[in-house]
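# Coordinates in review
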Amino acid sequence: MQHLTIFMDIESSRSYIDELYSPDLVKVMEALVTLKNSVIGSNRQKTSVIQQGVVPRLLQLMSDEALDTNIRLEATITIGSLAKGTPENVTSLVEQGTAIALVELLKAVPINTKLAEAGLCALRSVFLHPSPPIAALPTDMRLLTRLTQIAREGTPTARACVVRVLSIWCCGSGEQAALAAAGGCGAAAALLSGGGPACPALDLLTALCFENPNVAQVAYNTRHGDKTIPELLSSLVSREKPIPVAMGAARCLTFIHRAGALPADDKRIVFGALPCLARLCTKEMPEDIRAKAAETLAYLAEVDTSLQRLAAISNHLMTSLADIVNCPSAAAKQGAFKCFASLGANDEDIRKKIIETHGLMVHVVNGMNNPEAYVRLAAVRCLHSLSRSVQQLRTTFQDHAVWRPLMQLLTDSPDIELLTVGSSTLCNLLLEFSPAKEPMLDQGAVEMLCNLTKRPEAALRLNGIWALMNMAFQAEQKVKQRILCCLGTEQMFRLLGDSDTRVIMKTLGLLRNLLSTRQHIDAIMGEYSSQVMQAVIVVLEGSYPAEVKEQALCILGNIGDGEKAKDLIMANEDVLRKLVDYLAKVISWVKISTFSDDIVRAQAHPESKLQEAALFVACNLVWRAEPGAHARQARLADLGVLRALKLLRARHDAAHLHDKVKTALAQFNEFT
């Protein structure tokens, strides 16, 4: 029995393929219709046609303005059908210039024609490819204005297509600005008012406003009829609207808020977007909607404490998120972890609620082992947020040994984003009171963190040195020696010359923590005295901000607390003269007039911090109960320290230092 098929098999016959190149336009038309019918619904046929090299001829027929419009239309529809094939099919079409040819077609044909509609349908199919050809659509104002006109006035199909294409294309600040200038916000508003498909319009508006304050402000001020875009969106987040529409409207409001056009206390956020997103997280909703709602809510509440607190008590959100974590899809897990991370970013009570959510820490640990990279990242973000809780570091985190999968992640060559968030979490896990500190040391945390300080990314250098600083706080001497040995003095000098002031501050903070406890100070200075003193001098004599120099003086103060290390300061003439200079600094004053009288107040001045830090150094050097105190006092008196202290005692602008000055002066014996 012979098997019959409806359509001719292209692979066995090229008769009508050949007729596409015929000079007889009637035959060309017949061949186009046959070809169009053969590829509809068959990826195998689409692939075969593309492989036979038919695409250039189809593009030629589509673009030739001298040909009959029906021929051009059939060619365009066929290209659109081919673009609905496999990703490989679309890639081949793009490589052969299909996207560019379609854009050129849309520039030339009248907007309200079947040919324009077919071109838009084909372009939409091409742009739905995982790697859309963004560059094929230039930021040409004439073209963009034409496209936004179609979005407002075209057929329903054309409007849906053009808005979808523009929402995918609008992926950067340049595209956002150009499309907004071409009337993109107005076109979206027209569609939201009931004049077209709402969901594509919501996607377009979301793409326009994402992290773009200027465009978000344009959207905020855009009106259609008597309503602004935020008012139109507020009407779409209600329970009566279809779920995808409510989801899209809530996302738009979220993005407009995060771009700065809507404040956190705006009623459209507090009573519109936030409760809508919390409702869409509940168990009754489809899983994909719950995942997207959780991720959007995470973004909405990420930086505002009031929204975090409000969300935490909205519609049993904690229970909903805990259930979303149990969903099988990776997107759902990611959304829930991100939302937990945002909610617990600032409030200890919320963190406690999150931790108490049944089985959450088990899910976080499992999330860090998930095969999907974006789930692992979201789980680490959640862990980072919760690690800000001192209580949880000592209890729940220890019970679940969260440091173990985290250390494994960070040693498995993660990407920059995961390494940044993970190393930030390490900074918290390595605090002095954290039980995870010891086992992490055994797993090579020192070596890993020292390597981070050598990375070109400033955030990683900062996290590395910050975590080392935390590790050194009240640590045993062997741990401090291990840090110094692994980091090396050369790398420490590099960090002190870093372009990021925060890195310099944490490097000095590390030195300060290393040089604490008298025995440790003498032991470390006995081995690294020249390098440490050189580092301090480099900072004190360099063009560093006052807060950096203050840290260097505090390191000197710690050195001055050592039994033998004091002599290293006393032997350095440059350091001693700097000490006198800072003690003798004069704080600026300002006269403030009021209606009743004139009030003279000390104005805050960065140098006052240096003065206070220098006083800390002097107090440790002149302490008379220490061996050799008399000689040190005599030397410091000769250099002018005693005189500077007496002047400080007499000055009204140093009243906050009087007790410390009095203590220092009391240490001098016959010199006072």
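The rules behind the values
- Residues numbered from 1 in each chain as written.
- Predicted model: local features only at pLDDT ≥ 70, side-chain atom pairs only at ≥ 80, totals over all residues.
- Heavy atoms only, no water.
- Buried < 20%, exposed > 50% of the residue type's maximum accessible area, 1.4 Å probe, protein only.
- Helix = DSSP H or I, 4+ residues; strand = E, 2+ residues; numbered from the N terminus.
- Arc of directions from axis to C-beta.
- Polar contact = N/O pair within 3.5 Å; in protein donor to acceptor, adjacent residues only side chain to side chain.
- Contact = heavy atoms within 4.5 Å.
- pLDDT = per-residue confidence, 0-100.
- Phe/Tyr/Trp six-rings, centres within 6.5 Å; stacked < 30°, edge-to-face > 60°.
- Lys NZ or Arg CZ within 6 Å of the ring centre and 35° of its normal.
- Salt bridge = Lys/Arg side-chain N within 4 Å of Asp/Glu carboxyl O.
- Core = buried A, V, L, I, M, F, W, Y, C linked by side-chain atoms within 4.5 Å.
- Axes fitted to C-alpha atoms, helices over the stretch in contact; angles between N-to-C directions.
- Left-handed = near helix turned anticlockwise from the far one by under 90°.

Every buried residue of helix α22 (residues 348-356) is listed here: I350, R351, I354 and I355. Down the axis of α22, the buried set is contained in an arc of 140°. They therefore lie on one face. Exposed side of α22, more than 90 degrees from the buried face: D349 and E356 are the residues found there. The opening residue of α22 is D347, an N-cap whose side-chain oxygen sits 2.8 Å from the backbone nitrogen of D349.

In this section: the environment of K107. Here K107 lies in helix α7 (residues 98-108). K107 sits 35 residues away from R142 along the chain, and the two C-alpha atoms are 8.5 Å apart. Excluding residues within four positions of it along the chain, K107 makes contact with P138, L143 and R146.

In this section: the confidence of the model for the protein. Per-residue pLDDT for the protein averages 89, and the proportion of residues at 70 or more is 93%. Averaged over each element, pLDDT in the protein is lowest for strand β4 (residues 598-602) (39) and highest for helix α18 (residues 287-301) (98). Contacts from residues 1-13, a stretch scored under 50 in pLDDT, to residues over four places away or in other chains number 18 contacts. Per-residue pLDDT stays below 50 along residues 587-605; that stretch engages in 28 contacts with residues further than four places along the chain or on separate chains.

Before going further, it helps to examine the packing of aromatic side chains. Scanning all chains against the criterion turns up three aromatic pairs. Centre to centre, the rings of F255 and Y299 are 5.3 Å apart; their planes meet at 70°, and the pair counts as edge-to-face. Highlighted residues: F255 in helix α16 (residues 243-258) and Y299 in helix α18, separated in sequence by 44 residues. Note on Y299: relative accessible area 15%, which makes it buried. Clustering of aromatic rings is evident, with ring pairs tying together F210, F255 and Y299. Positioned over the ring face of Y299 is R258, at 4.2 Å from the centre of the ring. It is K506 that lies over the ring of W466; its NZ or CZ is 4.1 Å from the centre.

Scanning all chains against the criterion turns up 23 salt bridges. Of the charged contacts in the structure, one is a salt bridge between D347 and R309, with a shortest N-O distance of 2.8 Å. Of this pair, D347 sits in the loop between α21 (330-343) and α22 while R309 sits in helix α19 (residues 305-312), and the two are 38 residues apart along the sequence. D347 sits in the buried class, given a relative accessible area of 10%. Residues joined by salt bridges that share partners form a network here, namely K283, R290 and D323.

Bringing the nonpolar core into the picture now. Counting 241 residues, the largest nonpolar core has L147, L233, L510, L556 and I559 as the members making the most contacts within it. Here the element with the most residues in this core is helix α35 (residues 518-541); it accounts for eleven residues. Other than its neighbours up to four places away in sequence, L147 contacts L106, L120, L137, V162 and L166.

This paragraph deals with the packing of helix α20 (residues 317-325) against α21. Two numbers describe how α20 lies on α21: the axes approach to 8 Å, and their chain directions differ by 145°. Of the two possible hands of crossing, α20 and α21 adopt the one that is left-handed. In this structure, α20 contributes L317, M318, L321, A322, I324 and V325 to the contact, and α21 contributes A332, K333, A336, F337, C339, F340 and L343.

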